Amino acid sequence: MTLNFAHRGSLTEAPENTLPAFKKAIWHGAKALELDVQLSKDNHLIVCHDHKLSRFNKDAEGLIKDYTLEEIQQIDVGETFSEEFKGVTLPTLDQVLHICPADLLLNIEIKNIPVIYDGIEQILLKTLHEHDRLNNLVISSFDHVALKKVQEINSTIPLGMLFYYRILNPWDYASASGLNIQSIHPNQIYVDQTFVQSCKRNGYDIYPFTVSDQERYKELLEYGVDGVFSNNPEIFKS
Ligand code: G3P
Ligand code: MG
């Protein structure tokens, strides 16, 4: 079965990484969901892609890490998307986990570059444990040191290795890392048939990001990818 992840929820229909975006994706029947996590100043897991808040609210200066949870919950991130979402704020991971059905595969991406959040791995795993959500889960990051820390805390969690740039033989790098890598998550730009075959031959699933164009999606399926991260509901509900 192809597993297509709703990328940051359904971000064309609601502000990315917010409860309305996740609810839309679930409503569409997405089987898999991707979200990004960071830490507030007082160490709460905040679901957000950018370290800076300015893309979501031009009056919000600085970084997520500069704000407490209480302060973050005062910042409107919906109105820049549309008037309909005025008043929407960034959710905590806790809030997102409350609305995710148990059979929904979750990919939680630790956003640890360029800001590095000391201890985010421990806080993440504690939260997942409290929600009985250590199953049906892939934890990924561009920061492979963060993946190592996750594995040191819990060696059974499947890990996804993200690659933005084109490095030589990422499957060899993944094998040599000693990490419990289940899937390789490459930038879709450089994925071709040889790349997919090499991942599969080395025992890795492959989920390229971000694929929203139907023609490119079909091409990647023909190459044999196991799924994609997509902003397009027509793709992530298929
Ligand atoms: O996890 C896939 C994708 O989300 C990685 O890139 O920058 O959209 O978080 P980004
Ligand atoms: Mg992401």
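Residues numbered from 1 in each chain as written. Chains lettered and ligands numbered in written order. Predicted model: local features only at pLDDT ≥ 70, side-chain atom pairs only at ≥ 80, totals over all residues. Heavy atoms only, no water.

Draft legend 1. Local environment of the packing of aromatic side chains. Considering all chains together, one arrives at 10 aromatic pairs under this definition. Note on Phe5 and Tyr207: the rings are 5.1 Å apart at their centroids and 80° apart in plane angle, and the pair reads as edge-to-face. On the criterion of sequence distance, the pair formed by Phe5 in strand S1 (residues 5-7) and Tyr207 in the loop between strand S8 (205-206) and helix H8 (214-223) is long-range, its members being 202 residues apart. The burial state of Phe5 is the same as that of Tyr207; both residues are buried. On the numbers, 6.4 Å between centres and 75° between planes, the contact of Tyr207 with Phe229 is edge-to-face. Here Tyr207, found in the loop between S8 and H8, pairs with Phe229, found in strand S9 (residues 229-230); they are 22 residues apart in sequence, far enough to count as distant. Note on accessibility: Tyr207 and Phe229 belong to one class, buried. (Phe/Tyr/Trp six-rings, centres within 6.5 Å; stacked < 30°, edge-to-face > 60°. Helix = DSSP H or I, 4+ residues; strand = E, 2+ residues; numbered from the N terminus. Buried < 20%, exposed > 50% of the residue type's maximum accessible area, 1.4 Å probe, protein only.)

Draft legend 2. Structural view of helix H7 (residues 193-201). Every buried residue of H7 is accounted for by Phe195, Val196, Ser198 and Cys199. An end-on view of H7 places all buried positions within 165° of arc, on one side of the element. Away from its buried face, by an angle of more than 90 degrees, H7 presents the exposed residues Thr194 and Arg201. The secondary structure elements touched by the buried residues of H7 are helix H6 (170-176), strand S7 (181-186), S8 and H8. Structurally, the start of H7 carries an N-cap: the backbone nitrogen of Thr194 is 3.3 Å from a side-chain oxygen of Asp192. (Arc of directions from axis to C-beta. Contact = heavy atoms within 4.5 Å. Polar contact = N/O pair within 3.5 Å; in protein donor to acceptor, adjacent residues only side chain to side chain.)

Draft legend 3. Focus on the environment of Ala6. If you trace the backbone, Ala6 turns up in strand S1. Looking at Ala6, the relative accessible area reads 0%, which means it is buried. Each C-alpha atom, one on Ala6 and one on Pro208, is 13 Å from the other, the two residues being 202 residues apart in sequence. Those residues in contact with Ala6 that sit more than four places away from it in its chain are Ala25, Ala30, Ala32, Leu33, Glu34, Ser230 and Phe236.

Draft legend 4. Expanded view of the coordination of the magnesium ion (ligand 2). The protein atoms that coordinate the magnesium ion (ligand 2) are Glu34 (OE), Asp36 (OD) and Glu109 (OE), at distances of 2.0 to 2.2 Å. Classification of Glu34 by relative accessible area gives buried; the value is 3%. (Donors = N, O, S within 2.8 Å, 3.2 Å for Na, K, Ca; no water.)

Draft legend 5. Region of interest: the packing of helix H4 (residues 120-130) against helix H5 (residues 144-153). Here H4 crosses H5 at 50°, and the two axes come no closer than 9 Å. Our classification of the angle between H4 and H5 gives oblique. The two elements H4 and H5 cross, and the hand of that crossing is right-handed. Seen from H4, the contacting residues are Glu121, Gln122 and Leu125; seen from H5, they are Ala146, Lys149, Val150 and Ile153. (Axes fitted to C-alpha atoms, helices over the stretch in contact; angles between N-to-C directions. Parallel < 35°, antiparallel > 145°, perpendicular 65-115°, else oblique. Left-handed = near helix turned anticlockwise from the far one by under 90°.)

Draft legend 6. Summary view of the site of ligand 1. Every residue close to ligand 1 is listed here: His7, Arg8, Glu34, Asp36, His49, Glu109, Lys111, Phe142, Leu162, Phe209 and Phe229. Here an oxygen atom of ligand 1 and a side-chain polar atom of His7 are 2.8 Å apart. In isolation ligand 1 has 290 Å² of accessible area, and contact with the protein removes 91% of it. Residue classes in the shell around ligand 1 are distributed as four nonpolar, two polar and five charged. (Near = heavy atom within 4 Å. Areas by Shrake-Rupley, 256 points an atom, 1.4 Å probe, with all protein chains shown as cover. Nonpolar A, V, L, I, M, F, W, Y, C, P; charged D, E, K, R; others polar.)

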